[in-house]
Amino acid sequence: MDCIFCKIANKEERADIVYEDRKIIAFKDIYPVAPTHILVVPKKHIPSVDHLEPGDKNLIGDLLLITQKIARQLSLAKTGYKLVFNVGRGGGQKIDHLHLHLLGGWGKKLKNKN
Ligand code: 5GP
Ligand code: ZN
């Protein structure tokens with residue numbers, strides 16, 4: 001299958017990986033829209049949130065808890081962060097392999113405002 005995120009998960013394409021286990025991989029977005037922009041991705045090819053099935057319950061729960069862990073490790077948790085799932089073309093999804101955007105790192109800006 002010609003899917004860029006499957007290729008990254010299979011190490012056929014390179015990415016700046018920040019987390020990996022048997023089921024999940026997380027890497028830096030190639031075109032960041034925040035000081036820190038990570039994509040948290042299940043290795044299983046699920047096209048979008050709209051394609052989740054009851055059997056994916058544990059996987060999606062793990063994805064969220066791992067995202068929390070990554071946010072803490074990258075020091076995003078203190079200043080706060082955004083989590084975004086784009087779903088379908090109208091929802092802004094361009095890569096048809098489920099991924100959670102972890103956006104943060106605006107700490108400096110917040111400090112300057114005070
Ligand atoms: P979407 O719009 O589908 O929710 O988000 C896809 C994201 O994947 C975009 O933010 C885009 O910058 C990122 N992206 C697209 N191709 C690649 C790639 O080859 N490597 C990495 N690391 N990110 C990619
Ligand atoms: Zn895929």
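Right, let's walk through the structure included here. The structure displayed is predicted, hence computed values, not measured ones.

Describing the site of ligand 1
Logical step 1: The environment of ligand 1 is made up of 16 residues, and the closest members are Asp29, Lys94, Ile95, His99 and His101.
Logical step 2: In the model, an oxygen atom of ligand 1 is placed 2.5 Å from a nitrogen or oxygen of the Asp29 side chain.
Logical step 3: Here an oxygen atom of ligand 1 and a backbone polar atom of Ile95 are 2.9 Å apart.
Logical step 4: In isolation ligand 1 has 520 Å² of accessible area, and contact with the protein removes 84% of it.
Logical step 5: Secondary-structure elements contributing two or more residues to the shell around ligand 1 are α1 (4–9) and β2 (24–28).
Logical step 6: Among the elements that line the shell around ligand 1, the one with the most residues is α1, at three residues.
Logical step 7: Considered class by class, the residues forming the shell around ligand 1 number eight nonpolar, five polar and three charged.

Here we look at the coordination of the zinc ion (ligand 2)
Logical step 1: Within the first shell, the zinc ion (ligand 2) binds the protein through Cys3 (SG), Cys6 (SG), His45 (ND1) and His97 (ND1), at distances of 2.0 to 2.3 Å.
Logical step 2: The coordination sphere of the zinc ion (ligand 2) comprises four donor atoms, whose angles at the metal cover 104 to 117°; the geometry is tetrahedral.
Logical step 3: If you list the donors of the zinc ion (ligand 2) from N- to C-terminus, the spacing comes out as C-x2-C-x38-H-x51-H. Of this pair, Cys6 sits in helix α1 while His45 sits in the loop between β3 (36–42) and α2 (57–73); the two residues are 39 residues apart in sequence, bridging distant segments of the chain.
Logical step 4: Relative accessible area serves as the criterion here: at 14%, Cys6 is assigned to the buried category.
Logical step 5: A residue is classified by how much of its surface remains accessible, and His45, at 27% relative accessible area, is partly exposed.

Calculation notes
- Counting restarts for each chain: residues are numbered from 1 in the order of the written sequence.
- Lettering for chains starts from A, numbering for ligands starts from 1, and both go in the order in which the items are written.
- Restriction of local features to residues with pLDDT of at least 70 applies here, the model being predicted, together with a cutoff of 80 or more for giving and counting side-chain atom pairs; totals for whole chains, interfaces and linings are based on all residues.
- Only hydrogens and water are set aside when side-chain values are computed; all heavy atoms of the structure are taken into account.
- Nearness is judged by heavy atoms alone; a residue qualifies as near a molecule or strand once a single heavy atom is within 4 Å of it.
- The definition of a polar contact used here is a pair of N or O atoms within 3.5 Å, where within protein one atom must be able to donate a hydrogen and the other to accept one, and adjacent residues in sequence count solely through side-chain atom pairs.
- Using a 1.4 Å probe, the Shrake-Rupley method yields the accessible areas, and only the shown protein chains count as cover for residues.
- Comment: elements are numbered from the N terminus, with helices defined as DSSP H or I runs of at least four residues and strands as E runs of at least two.
- In this classification, the charged set is Asp, Glu, Lys and Arg, the nonpolar set is Ala, Val, Leu, Ile, Met, Phe, Trp, Tyr, Cys and Pro, and all remaining amino acids, among them Gly, are polar.
- The rule for donors is simple: N, O or S, within 2.8 Å of the metal, or within 3.2 Å if the metal is Na, K or Ca. Water isn't counted, so a site may look like it is missing partners.
- In short, tetrahedral needs four donors with all angles between 85 and 135 degrees, square planar needs four and octahedral six donors with opposite donors over 155 degrees apart and all other angles between 65 and 115, and whatever is left is irregular.
- Exposure categories follow from relative accessible area, calculated using a 1.4 Å probe and restricted to protein chains: below 20% of the type maximum is buried, above 50% is exposed, and the middle band is partly exposed.

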